[in-house]
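# Descriptive analysis of the structure
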Amino acid sequence: FFICMGGRTVPAQTIMSMAVGPQQRGSIMSIAASVQQLASALASFLGGQIIAKGTNGEIINYNYVGYFAVVTSLISISLARRIQIQDQQDTRRSKV
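Residues numbered from 1 in each chain as written. Predicted model: local features only at pLDDT ≥ 70, side-chain atom pairs only at ≥ 80, totals over all residues. Heavy atoms only, no water.

### Digging into the overall build of the protein
- Along the protein, the regular secondary structure elements total 4 helices and 2 strands.
- In sequence order, the secondary structure elements of the protein are arranged as α-α-β-β-α-α.
- Looking at the protein as a whole, 7% of its 96 residues qualify as buried.
- A separation of at least 24 residues holds for 42% of the contacts in the protein among residues at least 6 apart in sequence. (Helix = DSSP H or I, 4+ residues; strand = E, 2+ residues; numbered from the N terminus. Buried < 20%, exposed > 50% of the residue type's maximum accessible area, 1.4 Å probe, protein only. Contact = heavy atoms within 4.5 Å.)

As structure tokens, this is what we get:
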């Protein structure tokens, strides 16, 4: 899990850092980190509400969490494709 998480985080942070100018980059990265932590907490809470233990000790409803993860991943991919990268040379010219 932790190996895959790093594989997703690095490209996401790269896209975010390239989508804004250098002046706003620190603020955006800070807000993004806060949203990521909040989303992790919310996902853990919701997963705990969905997953249950059956009468014979088996875990039930675990498949619904997997389906939800797949759907949210597909939505995230489609949203990431809509992000427009800001040209860094245009930013440099506007300072001069």
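Let's pick the thread back up.
### So, unusual backbone geometry
- Positive phi, close to 70 degrees, is recorded for Asn61, a residue that is not glycine.
- Within the fold, Asn61 resides in the loop between β2 (59-60) and α3 (62-81).

### Side note on the confidence of the model for the protein
- Chain-level pLDDT for the protein is 81 on average; 80% of the residues reach the 70-or-more range.
- Across the protein, the element-wise mean pLDDT spans from 52 in helix α4 (residues 88-95) up to 94 in β2. (pLDDT = per-residue confidence, 0-100.)

### Some thoughts on a nonpolar patch on the surface
- Where nonpolar side chains cluster on the molecular surface, the patch consists of Leu42, Phe45, Leu46, Ile50, Tyr64 and Tyr67 and spans about 630 Å² of accessible area.
- Looking at the nonpolar patch, the elements with two or more residues in it are α2 (25-50) and α3.
- Of all the elements, α2 adds the most residues to the nonpolar patch, at 4 residues.
- Of note, Leu46 is situated in helix α2. (Patch = residues over 30% accessible without salt bridge, like charges linked within 9 Å, V, L, I, M, F, W, Y side chains within 5 Å. Areas by Shrake-Rupley, 256 points an atom, 1.4 Å probe, with all protein chains shown as cover. Salt bridge = Lys/Arg side-chain N within 4 Å of Asp/Glu carboxyl O.)

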